[in-house]
Amino acid sequence: MKIRPLHDRVVVRRKEEEEKTAGGIVLPGNAKEKPSQGEVLAIGNGRILDNGETRALAVNVGDTVVFGQYAGNTVKIDGEDLLILSESEIYGVLES
Amino acid sequence: MKIRPLHDRVVVRRKEEEEKTAGGIVLPGNAKEKPSQGEVLAIGNGRILDNGETRALAVNVGDTVVFGQYAGNTVKIDGEDLLILSESEIYGVLES
Amino acid sequence: MKIRPLHDRVVVRRKEEEEKTAGGIVLPGNAKEKPSQGEVLAIGNGRILDNGETRALAVNVGDTVVFGQYAGNTVKIDGEDLLILSESEIYGVLES
Amino acid sequence: MKIRPLHDRVVVRRKEEEEKTAGGIVLPGNAKEKPSQGEVLAIGNGRILDNGETRALAVNVGDTVVFGQYAGNTVKIDGEDLLILSESEIYGVLES
Amino acid sequence: MKIRPLHDRVVVRRKEEEEKTAGGIVLPGNAKEKPSQGEVLAIGNGRILDNGETRALAVNVGDTVVFGQYAGNTVKIDGEDLLILSESEIYGVLES
Amino acid sequence: MKIRPLHDRVVVRRKEEEEKTAGGIVLPGNAKEKPSQGEVLAIGNGRILDNGETRALAVNVGDTVVFGQYAGNTVKIDGEDLLILSESEIYGVLES
Amino acid sequence: MKIRPLHDRVVVRRKEEEEKTAGGIVLPGNAKEKPSQGEVLAIGNGRILDNGETRALAVNVGDTVVFGQYAGNTVKIDGEDLLILSESEIYGVLES
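Rules used in this analysis
- Residues numbered from 1 in each chain as written.
- Chains lettered and ligands numbered in written order.
- Predicted model: local features only at pLDDT ≥ 70, side-chain atom pairs only at ≥ 80, totals over all residues.
- Heavy atoms only, no water.
- UniProt positions renumbered as here; feature names shortened; annotations may be inferred.
- Buried < 20%, exposed > 50% of the residue type's maximum accessible area, 1.4 Å probe, protein only.
- Helix = DSSP H or I, 4+ residues; strand = E, 2+ residues; numbered from the N terminus.
- Pairing = 2+ DSSP bridges.
- Contact = heavy atoms within 4.5 Å.
- Buried area = accessible area lost by both parts, 1.4 Å probe.
- Salt bridge = Lys/Arg side-chain N within 4 Å of Asp/Glu carboxyl O.
- Nonpolar A, V, L, I, M, F, W, Y, C, P; charged D, E, K, R; others polar.
- Least-squares fit on C-alpha atoms with pLDDT ≥ 70 in both.
- Polar contact = N/O pair within 3.5 Å; in protein donor to acceptor, adjacent residues only side chain to side chain.
- Lys, Arg positive; Asp, Glu negative; His and termini not counted.
- Axes fitted to C-alpha atoms, helices over the stretch in contact; angles between N-to-C directions.

As annotated in an unreviewed UniProt entry, chain A carries the name Co-chaperonin GroES and comes from Marinobacter nanhaiticus D15-8W. The Subunit (unreviewed entry) field of the UniProt record for chain A holds the comment "Heptamer of 7 subunits arranged in a ring. Interacts with the chaperonin GroEL." If you open the UniProt record of chain A and go to Sequence similarities (unreviewed entry), you find "Belongs to the GroES chaperonin family."

Listed below in structure tokens is the structure:
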């Protein structure tokens with residue numbers, strides 16, 4: 001089962017972050033910051049502009065995107081927590 | 001009796017969620033999160049744009065939609081609690 | 001005496017709700033939720049759009065409409081409490 | 001001395017309400033709700049739309065209008081308290 | 001020295017109000033309401049509309065205008081307190 | 001080193017105010033109101049309108065402008081505190 | 001690894017500020033104000049206007065920009081804290 005996001009929405013799977021601090025201490029699950037990077041799993045058809053046109057999104061499926069730590073909303077699909085972001089909540093795309 | 005929603009509104013019947021926790025404990029009604037998925041029962045004619053045009057909605061009757069846990073408003077029709085959402089409160093459509 | 005609502009406003013008479021609970025107990029007036037359905041008594045000429053056009057409303061006199069419990073404002077006309085709603089506060093129209 | 005309201009503003013004289021309750025008790029001045037009906041004394045030239053056009057108001061001098069109890073601002077002209085309303089604060093016009 | 005207001009701004013000198021109450025008691029300076037009438041000393045070139053046009057203001061130098069008691073901002077020019085109002089804060093113009 | 005402000009921003013150097021009260025008492029630095037007049041040092045290219053056009057600002061370098069006491073943001077350039085204002089925060093221009 | 005910012009976003013590396021006060025006292029890391037200047041590392045394609053057009057940004061890679069002390073959001077890329085700003089949060093560009 002997968003989700004088809006509407007309009008300017010994007011479905012993102014958060015990237016698991018290192019579970020060690022810089023000093024090498026392993027952090028239990030609740031003491032970690034939520035990661036603010038993730039992989040785009042699905043994108044909407046585009047943002048609807050005031051003049052009625054639809055503008056394609058600037059991110060693609062497979063992109064690694066960066067966003068604010070508290071951005072978006074979490075939904076549970078097939079037991080997995082996924083993040084729903086509006087394109088405007090995405091800061092940019094990571095490139096190697 | 002049924003409700004014909006106006007403009008960009010959508011009538012949704014919440015999907016009943018599992019009444020057991022992962023550990024198999026049966027939860028009484030008030031200890032559960034409200035499900036944030038549901039079936040679309042009726043849709044409005046579309047969103048009215050600033051230029052006066054009407055834009056058809058991106059969901060259809062029968063779709064299973066995902067939305068925020070506290071989104072929308074509940075109305076009681078023929079004794080059943082139904083949810084009224086604006087299309088902009090719907091994150092996406094579930095597809096098998 | 002009657003009221004001619006302006007623009008996108010609608011005059012609604014709240015539908016009296018059952019004064020018994022599901023268990024058959026008669027509720028005194030103050031212990032009841034205000035009904036969120038009502039009959040449209042009068043409608044304005046339409047919503048004025050940004051481009052200056054007037055768009056006719058999507059409800060008609062005689063419709064039974066559904067709205068939020070706290071929507072609108074009450075005015076007293078000839079001793080009767082009537083509700084003034086903007087069309088945007090109306091969720092939909094009940095059809096038998 | 002009179003006031004010429006600007007644009008979408010309307011000058012209204014509140015209608016004095018009955019000073020008796022339904023049970024016939026005379027209320028002193030401070031125990032009454034402010035009346036939310038009044039007579040239009042003057043109207044502005046119209047609302048300025050985003051496209052620069054001016055749209056004539058939908059009320060006329062002499063109309064009895066209905067508005068929210070706390071709407072508008074009071075000004076004192078020649079010792080009389082008058083109410084300044086924007087057209088958007090007026091619910092409708094009373095007709096006999 | 002004088003001030004040339006920008007765009008939709010208007011420079012107003014508050015009208016001194018009677019320093020006696022209705023009963024003839026002289027009020028010291030701090031016990032008075034600030035007057036909400038004043039004389040227009042200077043006006044801007046006009047409001048800039050969304051489409052880039054400039055729309056001339058509806059008040060003129062010399063007009064006596066009525067405004068809300070707390071509207072605008074005070075600036076001190078040559079030792080005199082003057083009020084800077086946006087045209088939208090002006091209710092209307094007094095005419096004899 | 002100087003700052004080139006973007007779009008509708010304006011760089012202003014606050015005017016030093018008299019350090020004496022009307023009664024001739026010299027005020028120490030912290031007991032003074034911040035002056036709300038200043039000299040324009042640099043201006044942006046103009047405000048970007050909704051239709052994509054750029055509209056030149058209505059103030060020029062060298063103008064003495066009046067603004068609200070708490071308007072704008074302070075930046076330190078070469079050790080000097082300068083004020084960054086949006087044109088909309090400027091009330092008007094002082095003319096001798 | 002680098003970040004490609006979306007639309008009107010700009011990636012900025014904060015400029016390290018002097019770690020001494022004017023009096024020559026060295027400040028430990030936490031007692032310093034965050035610098036509000038930085039170097040532009042990457043810019044988005046431009047701001048999307050209401051009419052659907054994209055407007056190129058007014059800053060370029062390599063510019064030293066000035067912004068509010070609390071503007072923007074910090075992201076960690078390859079272990080380095082970078083700032084993501086919207087162009088509208090940038091006051092101006094420093095020029096020597």
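Caption draft 1: A look at the pairing of strand S8 (residues 80–86) of chain B. Counting buried positions along S8 of chain B gives 5 out of 7 residues, so the element sits mostly inside the fold. Linking two consecutive strands that pair antiparallel, namely strand S7 (residues 73–77) of chain B and S8 of chain B, is a turn of 2 residues; a positive phi of about 50 degrees is found at Asp 78 of chain B within it.

Caption draft 2: Here's a closer look at the interface of chain A and chain G. Contact with chain A, which involves 19 residues of that partner, is made by 18 residues of chain G. A combined buried area of about 1,700 Å² lies between chain A and chain G, and 53% of that area is made up of carbon and sulfur atoms. Contact with chain G buries area across many residues of chain A, yet Arg 55, Tyr 91 and Glu 95 of chain A alone supply 38% of it, more than any other trio. Here chain A is connected to chain G by 1 salt bridge. When the shortest N-O distance is used, the salt bridge between Arg 4 of chain G and Glu 95 of chain A registers 3.0 Å. Considering every element that reaches the side of chain A that touches chain G, the biggest residue donor is strand S9 (residues 90–95) of chain A, with 6 residues. Counted by class, the side of chain A that touches chain G contains 8 nonpolar, 5 polar and 6 charged residues.

Caption draft 3: Representation of the relation of the copies chain D and chain C within the structure. The transform that puts chain D on chain C rotates by 52 degrees and translates by 0.0 Å along the axis, for an RMSD of 0.0 Å. Little of the interface of chain D is mirrored in chain C, where only 11% of its interface residues are also at the interface.

Caption draft 4: Structural context of the interface of chain D and chain C. The interface is formed by 19 residues belonging to chain D together with 18 residues belonging to chain C. Overall, the association of chain D and chain C removes approximately 1,700 Å² of surface from exposure, summing both partners, and the carbon and sulfur fraction of that is 53%. A per-residue breakdown of the area chain D buries against chain C is headed by Arg 55, Tyr 91 and Glu 95 of chain D, which together make up 39% of the total. There are 1 salt bridge connecting chain D and chain C. Remark: the boundary between chain D and chain C carries 9 residue pairs in polar contact (both at pLDDT 80 or more). The class makeup of the residues in the side of chain D that touches chain C is 8 nonpolar, 5 polar and 6 charged. Summarising the sheet, strand S1 (residues 2–5) of chain C and strand S9 (residues 90–95) of chain D pair through 4 bridges and their orientation is antiparallel. Bridged to Arg 4 of chain C within S9 of chain D is Val 93 of chain D.

Caption draft 5: Representation of the side chain of Asp 63 of chain B within the structure. Tracing the backbone shows Asp 63 of chain B in the loop between strand S5 (54–55) and strand S6 (64–67). Arg 4 of chain A provides the closest opposite charge to the buried, unpaired Asp 63 of chain B, separated from it by 4.3 Å. In terms of polar contacts, Asp 63 of chain B uses its side chain to reach the backbone amide nitrogen of Asn 60 of chain B, at 2.8 Å. Not counting residues up to four positions away in its chain, the partners in contact with Asp 63 of chain B are Arg 4 of chain A together with Gly 38, Glu 39, Val 40 and Val 93 of chain B.

Caption draft 6: Molecular detail of the pattern of salt bridges. Residues and elements named next belong to chain B. Enumeration according to the criterion identifies 15 salt bridges over all chains in this entry. Residue Arg 13 is joined to Glu 39 by a salt bridge in which the shortest nitrogen-to-oxygen separation is 4.0 Å. With Arg 13 in strand S2 (residues 9–14) and Glu 39 in strand S3 (residues 37–43), the pair connects residues that are 26 residues apart, well separated along the chain. With relative accessibility at 36%, the residue Glu 39 sits in the partly exposed group. Overlapping salt bridges bring together Arg 13, Glu 39 and Glu 80 as one network.

Caption draft 7: Structural detail: the sheet that holds strand S9 (residues 90–95) of chain B. Overall, antiparallel pairing links the 7 strands, which are arranged S1(A)-S9(B)-S6(B)-S3(B)-S2(B)-S8(B)-S7(B) in an open sheet. In this open sheet, the two strands that pair with only one neighbour each are strand S1 (2–5) of chain A together with S7 of chain B. The sheet shows a mean angle of 45 degrees between the axes of neighbouring strands, taken without regard to direction. Pairing between S6 of chain B and S9 of chain B: 4 bridges, direction antiparallel. By the bridge assignment for S9 of chain B, Val 65 of chain B is matched with Val 93 of chain B.

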